[in-house]
Amino acid sequence: MRDSILSVRGLSARYGKVTALGDAAIEVGAGQIVTVIGANGAGKSTMLNAIMGSLPLSGSAHGEIVYAGERIETWGAERRVAAGMSLVPERRELFASMTVEDNLLLGGFRRYRARERNWKDEMENVFRLFPRLKERRRQEAGTLSGGERQMLALGRALMAKPRLLMLDEPSLGLAPLIVREIFHIISGLRETGVATLLVEQNARAALQVADYGYVLETGAVALSGPAHELAGNPRVIESYLGLGKRDRAA
């Protein structure tokens, strides 16, 4: 893999006596889109939370996380954000009573606090990616459609100008047409230079946009490889792409 922005080794996590993640290892190259696919409950969100620091690596979780060449297991979530890591959670966690524009400005608050010059200029780049958000910039976030809320969650994360963007189930609850639009936008993130770690149940859509993929099953990496190879793997086709033996024989 090209120069690595994220390298995870031996990542494990437990909830009580239940193992959610066991000795997982993944790598994300600079500027790449890497996807982790798997069924609900496979440990995908647990992996993201551990990488982001919202699931501390102590007691119930342990492993090695190297980001931009530095070991970060002891870093808190705030320090990871300051270093350029950004997570768009499954629930999006927008401020419903605030406008689209104010939600975006909050995404850039770390840069404002760091006294970065022209930090607001990133909003125009977000509006180029998401023209619909520009049309609705004065609208309250709680009045947006599901697809627009996902766009806003992505845009808010990009306001921080992350080096690593992590997306947790971006297609969840969206209509098929909107899913295609969201994944088209995710594919276009390559042009920004940001590395993207995409966790997704929709294996077909994820593998179409990703460069490399991992299949997570019951907390362990069962398969990995270039995304186009995984998309043609009979085991992946059987289990995740909705094409069972009967479908393929038809």
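Provided above is the structure to which this section pertains.
Values in this document were obtained by computation on a predicted structure and should not be read as measured data.

Caption draft 1: Seen up close, the sheet that holds strand 6 (residues 85-88). Here we have 6 strands laid out as an open sheet, ordered 6-7-8-3-9-10, and mixed in their pairing. Looking at strand neighbours, the two that pair on one side only are strand 6 and strand 10 (220-226), the edges of this open sheet. Strand-to-strand, the axes of this sheet are offset by a mean angle of 15°, without reference to chain direction.

Caption draft 2: Quick look at the packing of helix 7 (residues 146-158) against helix 8 (residues 176-188). Taken N-terminus to C-terminus, the directions of helix 7 and helix 8 make an angle of 15°; their axes are 10 Å apart at the nearest point. Between helix 7 and helix 8, the interaxial angle falls into the category roughly parallel. When the axes of helix 7 and helix 8 are compared, the crossing they make is right-handed. Contacts between helix 7 and helix 8 involve Gly147, Gln150, Met151 and Leu154 on the former and, on the latter, Ile178, Glu181 and Ile182.

Caption draft 3: Broad picture of helix 7. Taking 1.5 Å as the rise per residue, helix 7 with 13 residues should run 18 Å; its terminal C-alpha atoms sit 19 Å apart, in good agreement. Within helix 7, 11 of the 13 residues are buried, leaving the element largely enclosed by the surrounding structure. Buried within helix 7 we find Gly147, Glu148, Gln150, Met151, Leu152, Ala153, Leu154, Gly155, Arg156, Ala157 and Leu158. Of the surrounding elements, those touching the buried residues of helix 7 are strand 6, helix 3 (100-107), helix 5 (122-129), helix 6 (131-135), strand 7 (164-168) and helix 8.

Caption draft 4: How the structure looks around unusual backbone geometry. Despite not being glycine, Asp23 shows a phi value in the positive range, around 55°. Within the secondary structure, Asp23 is located in strand 2 (residues 18-29). By relative accessible area, Asp23 is classed as exposed at 58%. Even without a glycine there, the phi angle at Glu169 is positive, about 50°. Along the polypeptide, Glu169 turns up in the loop between strand 7 and helix 8. The exposure class of Glu169 is buried, given its relative accessible area of 5%.

Caption draft 5: Layout of the packing of helix 3 against helix 7. Following both chains from N to C, one finds helix 3 and helix 7 inclined at 35°, their axes separated by 7 Å at the closest point. Of the two possible hands of crossing, helix 3 and helix 7 adopt the one that is right-handed. Together, Val100, Asn103, Leu104 and Gly107 of helix 3 and Leu152, Gly155 and Arg156 of helix 7 make up the contact between the two elements. Per-class residue counts for the contact of helix 3 with helix 7 are 3 nonpolar, 3 polar and 1 charged.

Caption draft 6: View of the sheet that holds strand 5 (residues 70-71). The strand order 2-1-4-5 describes an open sheet built from 4 strands, whose pairing is antiparallel. Every interior strand has two partners, whereas the edge strands, strand 2 and strand 5, have only one. Pairing analysis gives 2 bridges linking strand 4 (residues 61-67) to strand 5, with the strands arranged antiparallel. Each residue of the ladder has a partner; that of Tyr67, found in strand 5, is Glu70.

Reading the values: the criteria
- Residues numbered from 1 in each chain as written.
- Predicted model: local features only at pLDDT ≥ 70, side-chain atom pairs only at ≥ 80, totals over all residues.
- Heavy atoms only, no water.
- Pairing = 2+ DSSP bridges.
- Helix = DSSP H or I, 4+ residues; strand = E, 2+ residues; numbered from the N terminus.
- Axes fitted to C-alpha atoms, helices over the stretch in contact; angles between N-to-C directions.
- Parallel < 35°, antiparallel > 145°, perpendicular 65-115°, else oblique.
- Left-handed = near helix turned anticlockwise from the far one by under 90°.
- Contact = heavy atoms within 4.5 Å.
- Expected span 1.5 Å × (residues − 1).
- Buried < 20%, exposed > 50% of the residue type's maximum accessible area, 1.4 Å probe, protein only.
- Nonpolar A, V, L, I, M, F, W, Y, C, P; charged D, E, K, R; others polar.

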